[in-house]
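# Coordinates in review
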Amino acid sequence: MQVQAVKADVIAALRERARPFENHTSNPASGAAYRQLRDQITLLEETPGETVGDVQKCLLTAAREEEQARNRKALIAGGLFLGLATSLIVCGGPSTNGWIQGFNVGGLMVGAGFALRGLQDEEQRRHLVSQARSLDNLQPDSAASSTGNLRGVPSVALSGPASLTQLRDLLSATSDSLQSMPQPEFEAARKQVRDDLKTLQPYVGPSLAEARQQAEAKGARYDKILKLAPFGLVGGIGCICAEKIAPAFPLVGAGLIVATAVATFSSAYLGSKAAEARQTLDRWEPQLQALRDIDSAGSEMRDWGKEKSAGVVQTERSVMVGGVRIPVKKRD
């Protein structure tokens, strides 16, 4: 682990690396890289210590304290569950004695509470260890990125209406351009692009509008299933309570409750995925449109040697706008 770097120098370097991204946080990849850097800056600023190594030691000490708290709660929960199991074995099942029954119920509830709090302590311990590891190898002389605009270079022509294929190609081009960037924040950007590509994978169609319609249709379908869930639950409970009418009703009711629960959880999960797809389209479509606008402006150039448009720097075979290099063809 890093033990020598002075915290103040590292914070200054991280701020320098974050500066190129500040005006491009609407871009999902740039936003992910920027959040990674800001989180590291905040962590260093809020944790005591003069060096990065001191900060890591502080975080790991807090993680050990969380581990000890987790172990204490696990012992208490284990003792209560052991007492409950012993009571059930000795009594041959749930006891009719009010005191014993109260002990069993109380032990179950308190033991479950301590178990849940122990899980929270374990989650916090892992978070602290992850934070400490995220500070490994930080150096005050880390190079800043040349641009915070991580839209990449389109690998296909941008003519015609905006399409899902163009958007996927833009994401792939952005991912390829990030592979050669060694700074840790670009790993966060790479992960964001990978996740967005995975989110859009189930959708097909020639236009972004059709992909958005597909996502909205899926979301509406899962919403309908969620609205029917209370009726399935009530029906299942009603069947269980109707045992006197037919002995098979409780079994039917239990099956209906299980099916309702499965349908509810599945619909909630798939509905959230559909909403995530719509959000991904909303976040990346402006990036695609910006590149399409730049490409259109570049294709209108006729005099490569003399003509210069505002905000556009011409090179031999491309235009550079906002840190993004757009290849264009010379017009005859």
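This text goes with the structure placed above it.
Calculation rules
- Residues numbered from 1 in each chain as written.
- Predicted model: local features only at pLDDT ≥ 70, side-chain atom pairs only at ≥ 80, totals over all residues.
- Heavy atoms only, no water.
- Helix = DSSP H or I, 4+ residues; strand = E, 2+ residues; numbered from the N terminus.
- Buried < 20%, exposed > 50% of the residue type's maximum accessible area, 1.4 Å probe, protein only.
- Contact = heavy atoms within 4.5 Å.
- Areas by Shrake-Rupley, 256 points an atom, 1.4 Å probe, with all protein chains shown as cover.
- Salt bridge = Lys/Arg side-chain N within 4 Å of Asp/Glu carboxyl O.
- Core = buried A, V, L, I, M, F, W, Y, C linked by side-chain atoms within 4.5 Å.
- Phe/Tyr/Trp six-rings, centres within 6.5 Å; stacked < 30°, edge-to-face > 60°.
- Lys NZ or Arg CZ within 6 Å of the ring centre and 35° of its normal.
- Axes fitted to C-alpha atoms, helices over the stretch in contact; angles between N-to-C directions.
- Parallel < 35°, antiparallel > 145°, perpendicular 65-115°, else oblique.
- Left-handed = near helix turned anticlockwise from the far one by under 90°.
- Expected span 1.5 Å × (residues − 1).
- Arc of directions from axis to C-beta.
- Polar contact = N/O pair within 3.5 Å; in protein donor to acceptor, adjacent residues only side chain to side chain.
- Bend = angle between axes of the 7 residues up to and from the residue.
- Nonpolar A, V, L, I, M, F, W, Y, C, P; charged D, E, K, R; others polar.

If you tally the helices and strands in the chain, you get 8 helices and 3 strands. Element order for the chain, N to C, with α for helix and β for strand: α-α-α-α-α-α-α-α-β-β-β. The buried share among the 332 residues of the chain stands at 37%. A separation threshold of at least 6 residues defines the contact pool for the chain, and within that pool the share at least 24 residues apart is 73%. Accessible surface for the chain amounts to roughly 19400 Å². Of this, 58% is attributable to carbon and sulfur atoms.

What follows deals with the pattern of salt bridges. For the coordinates displayed, the defined rule picks out 14 salt bridges. The partner of arginine 15 in a salt bridge is glutamate 45, and the shortest N-O contact between them spans 2.3 Å. Taken together, the residues span a long stretch of sequence, with arginine 15 in helix α1 (residues 7-18) and glutamate 45 in helix α2 (residues 28-46) at a distance of 30 residues. A relative accessible area of 38% places arginine 15 in the partly exposed class. Given the relative accessible area of 40%, glutamate 45 is considered partly exposed. For arginine 125, the salt bridge identified is with glutamate 122, shortest N-O distance 2.9 Å. Taken together, the residues arginine 125 and glutamate 122, both in helix α4 (residues 98-134) and 3 residues apart, mark about one turn of the helix. What you see here is one network of salt bridges that share partners, running through Glu67, Arg70, Glu122, Arg125 and Arg126.

A separate point is the nonpolar core. Grouped together as the largest cluster of nonpolar side chains are 43 residues, with contacts concentrated most on Leu44, Leu135, Leu150 and Leu167. For this core, the elements supplying multiple residues, two or more each, are α1, α2, α3 (52-91), α4, α5 (164-178), α6 (185-200), α7 (208-241) and α8 (249-299). Examining the composition of this core, we find that 7 residues originate from one element, α2, more than from any other.

Two measures describe an aromatic ring pair: the distance that separates the ring centres and the angle between the ring planes. Following the criterion strictly, the structure yields 1 aromatic pair and no others. Over the face of the ring belonging to tyrosine 203 we find lysine 218, whose NZ or CZ atom lies 4.5 Å from the ring centre. Residue placement shows arginine 221 over the ring face of tyrosine 222; its charged tip is 5.5 Å from the ring centre.

Turning next to the environment of isoleucine 11. Of note, isoleucine 11 is situated in helix α1. Separated by 41 residues in sequence, isoleucine 11 and valine 52 have C-alpha atoms that sit 9.7 Å apart. When neighbours within four sequence positions are excluded, isoleucine 11 is seen to be in contact with Ile41, Leu44 and Glu45.

Contact geometry of α2 with α6 gives a least axis separation of 7 Å together with a crossing angle of 140°. The angle between α2 and α6 falls in the class oblique. Of the two possible hands of crossing, α2 and α6 adopt the one that is right-handed. On α6, the residues that touch Pro28, Ala29, Ala32, Ala33, Arg35, Gln36 and Leu37 of α2 are Glu185, Ala188, Ala189, Gln192, Val193 and Asp196.

Along an α-helix, a turn takes 3.6 residues, which lines up residues three or four apart on a common side. Here α1 spans 16 Å end to end across 12 residues, near enough to the 16 Å set by a 1.5 Å rise per residue. Three or more residues of α1 are buried, namely Lys7, Val10, Ile11, Ala13, Leu14, Arg17 and Ala18. Down the axis of α1, the sector holding all buried residues measures 165°, keeping them to one side. Against α2, α3 and α6 lie the buried residues of α1.

Quick look at the side chain of glutamate 122 now. The buried category is assigned to glutamate 122, whose relative accessible area is 12%. Side-chain polar atoms of glutamate 122 contact the side chain of arginine 70, separated by 2.5 Å.

A few words now on α7. Relative to the 50 Å expected for 34 residues at 1.5 Å per residue, α7 spans 51 Å between its end C-alpha atoms, a close match to the ideal helical length. Roughly 30° is the biggest bend found in α7, and it falls at leucine 228, with proline proline 230 one to four residues downstream. Taken residue by residue, α7 has Leu208, Ala211, Arg212, Ala215, Gly219, Tyr222, Ala229, Gly232, Gly236 and Cys239 as its buried positions.

Where α1 meets α2, the closest approach of the two axes is 10 Å, and the angle between their N-to-C directions is 160°. Relative to α2, the element α1 lies roughly antiparallel. Crossing hand, α1 versus α2: left-handed. On the side of α1, the interface is formed by Lys7, Val10, Ile11, Leu14, Arg15, Arg17 and Ala18, while α2 contributes Tyr34, Leu37, Gln40, Ile41, Leu44 and Glu45. Tallied by class, the residues present in the contact of α1 with α2 amount to 8 nonpolar, 1 polar and 4 charged.

Just geometry here; none of it tells us what the structure is for.
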